[in-house]
Structures are given as C-alpha cells and as structure tokens.
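# Coordinate analysis (summary)
One-letter residues, chain by chain:
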Amino acid sequence: GMARTPKTEVYAQIIKDLKEAITDLPNKTAYAAVDKFRVNKQAAQAMLGKTYLYAKDYPNATLAFKDVIAKEGTDVGLLADFSKITRAESEFGIESLMESSFISENKNWGNANWDRNADDNRHLQLSGPRGPFTSGTSGIREGWGFNPPTLKIYNAFEATDPRRAATVITTQELVTMYGGAFTDGWDTQGCIRTKYQTYAAETNDENGNTPELNFSTNWRLIRYADVLLMAAEAYQKQGKDAEARIELNKVRARAGMPDITASGAALFTAIVKERQVELAFEGFRYWDLVRWDLAQQELSSLGFVKGKHELFPIPLDEINGNILIGPKNQNPGY
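Residues numbered from 1 in each chain as written. Predicted model: local features only at pLDDT ≥ 70, side-chain atom pairs only at ≥ 80, totals over all residues. Heavy atoms only, no water.

## Some words on empty space enclosed by the protein
Taking a probe equal in size to a water molecule and rolling it over the atoms shows the remaining empty space. Scanning the entire structure with this criterion turns up 3 cavities of 30 Å³ or more. In this model, the largest cavity occupies a volume close to 90 Å³. Along the wall of the largest cavity there are 15 residues; nearest its centre are Gly128, Pro129, Arg130, Pro148 and Cys191. Per-element accounting of the lining of the largest cavity gives the leading share, 3 residues, to strand β5 (residues 191-193). (1 Å grid on protein atoms, 1.4 Å probe; cavity = no way out; pocket = protein on both sides within 12 Å on 5 of 7 lines; lining within 4 Å. Points joined across faces, edges and corners; volume = space filled by probe spheres on them. Helix = DSSP H or I, 4+ residues; strand = E, 2+ residues; numbered from the N terminus.)

And the structure:
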C-alpha cells in the first residue's frame with residue numbers, strides 16, 4: 001500500500017501524463033472510421049484544460065483550451081442541430097471529442113449478463129419513462145423509471161430556448177407535441193427526458209433480441225460545447241470578459257439564443273447557467289457545483305453537507321488492506 005498523496009502531487013501527475021499523451025496522440029480527424037473510438041489529441045488537450053480548471057490554474061487552462069479551439073472547423077466544431085448531439089447518428093461526429101462506446105450484441109432475457117461486462121447501454125432503459133406510457137410520435141420506448149428529470153431543470157431553460165424540448169418535456173408537452181400519454185404514477189414531477197432517452201431507433205428486436213437490453217447509444221464524455229464553456233470560465237476568472245463572451249456566445253448562437261453581454265460576476269453567473277442547460281443529464285452538474293462552491297446552496301435540500309460531500313469516502317476495504325493508512329485518514333465527516 002501507499003500513504004495518502006497530497007492533492008497537488010496528484011494534479012501534477014495527471015498533468016504530466018496528459019502532456020505526454022498529447023505529444024503522441026493523433027488529431028481527431030487522423031483516425032480512420034474504424035478507429036474513431038480511440039483517444040485523440042484534442043480530447044487529451046481538453047482534459048488537460050479541465051484539470052487546470054479544477055486546480056484553479058486559469059492561465060494554463062486557457063492555453064490548453066486554445067489548442068483545441070484552434071482546430072475549430074477541422075477536427076472539432078459544434079453540431080448544427082442540438083437535438084442530435086447525444087443521438088446514435090452523431091456518434092464520433094464533429095462535436096464529440098471522446099465517448100464511452102456501447103454495442104448491441106443480440107441480448108435477450110436468457111443470455112443477458114448483469115455485471116460490468118454488459119456491452120449494451122442498459123442505463124438508458126433504466127432511466128426511460130416508466131409506464132403507463134405511450135410514445136405517440138416521439139419514438140421513445142417505455143423504460144424503468146429511474147433518475148426522472150425534475151421541474152427544476154425544466155424551469156432552468158429560458159422559455160424561448162429550443163434546447164429545452166431537446167432535453168426535457170412535460171407530460172402535457174408529450175401529449176401536445178407527440179400525441180403520446182404518460183401517467184405520472186411513480187413519484188416523478190411530470191417530466192420526461194428527451195436527451196439520452198430510450199429511443200426505439202437506438203435499439204432493436206432483431207433475431208429475437210430484447211429491445212430493453214440492446215441500446216447502443218454512446219455516452220459523450222467530452223464534447224466541444226463543454227470545451228467552449230470551460231474556456232469561457234477560465235477567461236472570465238482572469239478578468240478577460242470579452243474573450244469569455246466569444247466562447248460562451250458560440251454555444252448560445254448554435255442554440256439560436258441571443259448573445260450574453262454581461263461582465264464580471266453577472267457573466268460568471270451566465271456561464272454557470274449555460275453549463276446547467278447545455279450539459280443537462282451529461283454528468284457534470286454535481287462536480288461543477290462542488291468546484292464553484294455552490295453545492296450547498298443548490299443541493300442542501302437533497303442532503304448535501306458542506307465539508308463532507310465534496311469528497312467520496314475511502315472504501316473501508318481500502319483502509320483495512322493498506323498498512324499505511326487507517327481510519328484517521330478517512331475523508332472528513334465519514
């Protein structure tokens with residue numbers, strides 16, 4: 001075993017690893033179609049920028065993000081249609097720098113495994129709307145009802161923002177927009193995800209397959225809009241508001257939304273809001289709130305305790321199996 005390592009040393013090692021990878025990795029467009037799943041230079045540069053951002057080293061974060069943005073229009077860019085960003089048809093497309101890949105392998109209830117070796121993206125089925133549900137023309141299949149969206153995220157969108165309908169709709173909108181129906185009987189708030197959802201087109205029932213077990217939608221781990229918003233944040237933290245607005249407003253323009261003209265604290269608040277709506281359901285919100293020190297404000301009603309929940313506990317098995325650490329080395333509050 002080894003003793004606990006200071007955070008600064010961990011960051012330094014991550015940065016060293018990423019810089020070495022960047023030197024060796026090819027540009028995103030250099031890969032042949034069959035190799036698009038492999039890590040590329042722009043993904044590593046984005047991760048380097050994100051690491052610096054989390055370490056609050058904003059000048060170096062800016063430099064790393066600038067290397068990615070320099071490839072805008074060639075290796076990276078924004079997909080024109082926001083509603084297609086997380087759909088199978090745009091996998092490894094212009095906006096996607098890195099993905100976690102899933103495939104359909106003719107799964108059925110008889111041969112499906114239930115461990116980490118499952119190759120399909122069953123998480124989509126887990127979080128699809130639990131019935132009674134009829135999709136109308138939405139193309140959404142009934143799911144198992146976990147992780148339902150909230151009215152809070154629905155209301156976070158500006159009323160005129162087309163990203164809202166491409167992210168979350170109300171049960172009433174399911175009726176009016178798609179002719180479907182959803183009976184809200186599972187302690188939800190009457191909302192249905194449209195981003196990362198159980199779309200019938202992204203699974204199949206061929207060869208006796210069970211559709212619930214054959215979703216092949218990839219998770220987007222890094223996409224270009226995220227890079228632009230992180231770059232905007234890094235600029236703003238250095239007082240470079242004009243540069244921050246340029247990157248922020250690229251994301252706004254793709255959505256058909258008016259430019260943000262704010263400066264200072266108001267600009268930072270606008271960037272916070274933009275990340276919330278642009279990246280909804282993509283797995284970044286919690287860690288954003290923690291590093292912005294907004295987690296207690298936003299999550300205390302859900303049980304978040306400041307000074308504790310910024311970190312996970314060290315598993316007891318790790319403590320018991322390592323002679324160089326003990327219970328006294330556990331993270332605060334656990």
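## Some points on a nonpolar patch on the surface
On the surface, a nonpolar cluster with roughly 380 Å² of combined accessible area is contributed by Met2, Ile323 and Leu324. For Ile323, the location among the structural elements is in the segment after α12 (316-320). Overall, the relative accessible area of 83% leaves Ile323 in the exposed class. (Patch = residues over 30% accessible without salt bridge, like charges linked within 9 Å, V, L, I, M, F, W, Y side chains within 5 Å. Areas by Shrake-Rupley, 256 points an atom, 1.4 Å probe, with all protein chains shown as cover. Salt bridge = Lys/Arg side-chain N within 4 Å of Asp/Glu carboxyl O. Buried < 20%, exposed > 50% of the residue type's maximum accessible area, 1.4 Å probe, protein only.)

## Details of the pattern of salt bridges
Opposite charge on two side chains allows them to pair when their charged atoms are near. Here the structure, examined in full by the defined rule, presents 28 salt bridges. Here Glu298 ties to Arg285 by a salt bridge, and the two come within 3.9 Å at their closest N and O atoms. Here Glu298, found in helix α11 (residues 295-299), pairs with Arg285, found in helix α10 (residues 285-291); they are 13 residues apart in sequence, far enough to count as distant. The exposure class assigned to Arg285 is partly exposed, which follows from its relative accessible area of 26%. When salt bridges that share partners are traced, they join Glu95, Glu158, Asp161, Arg163, Lys195, Arg223, Arg252, Arg254, Glu274, Glu278 and Glu282 into one network.

## Looking at the packing of aromatic side chains
Following the criterion strictly, the structure yields 8 aromatic pairs and no others. With a centroid separation of 6.0 Å and an interplanar angle of 75 degrees, the aromatic rings of Phe133 and Phe182 are classed as edge-to-face. Here Phe182 lies in strand β4 (residues 181-182) and Phe133 lies in strand β2 (residues 133-134), a separation of 49 residues in the sequence. The pair formed by Phe133 and Phe182 is uniform in burial state, with each residue classed as buried. When the ring of Tyr196 is compared with that of Trp219, the centres are 4.7 Å apart and the planes differ by 75 degrees; the resulting orientation is edge-to-face. With Tyr196 in the loop between β5 and β6 (219-223) and Trp219 in strand β6, the pair connects residues that are 23 residues apart, well separated along the chain. On the accessibility criterion, Tyr196 (3% relative accessible area) is buried. For Trp219, a relative accessible area of 22% translates into the label partly exposed. In this structure an aromatic cluster arises from ring pairing among Tyr286, Trp287, Phe304 and Phe312. One residue, Arg122, lies across the ring of Trp114, its end atom 4.3 Å from the ring centre. Over the ring of Tyr334 we find Lys308; its NZ or CZ atom is 4.9 Å from the centre of that ring. (Phe/Tyr/Trp six-rings, centres within 6.5 Å; stacked < 30°, edge-to-face > 60°. Lys NZ or Arg CZ within 6 Å of the ring centre and 35° of its normal.)

## Some words on the layout of surface pockets
The calculated volume of the largest pocket comes to roughly 950 Å³. Taken together, the elements giving at least two residues each to the lining of the largest pocket come down to α1 (7-24), α2 (41-54) and α10. When its residues are assigned to classes, the lining of the largest pocket shows 11 nonpolar, 5 polar and 7 charged. Computed from the structure, the second largest pocket encloses a volume of approximately 810 Å³. In terms of lining, the second largest pocket is formed by 26 residues, of which the most central are Thr150, Ile153, Phe281, Arg285 and Leu299. Elements with a contribution of two residues or more to the lining of the second largest pocket: α5 (151-156), α9 (264-278), α10 and α11. Per-class residue counts for the lining of the second largest pocket are 11 nonpolar, 7 polar and 8 charged. (Nonpolar A, V, L, I, M, F, W, Y, C, P; charged D, E, K, R; others polar.)

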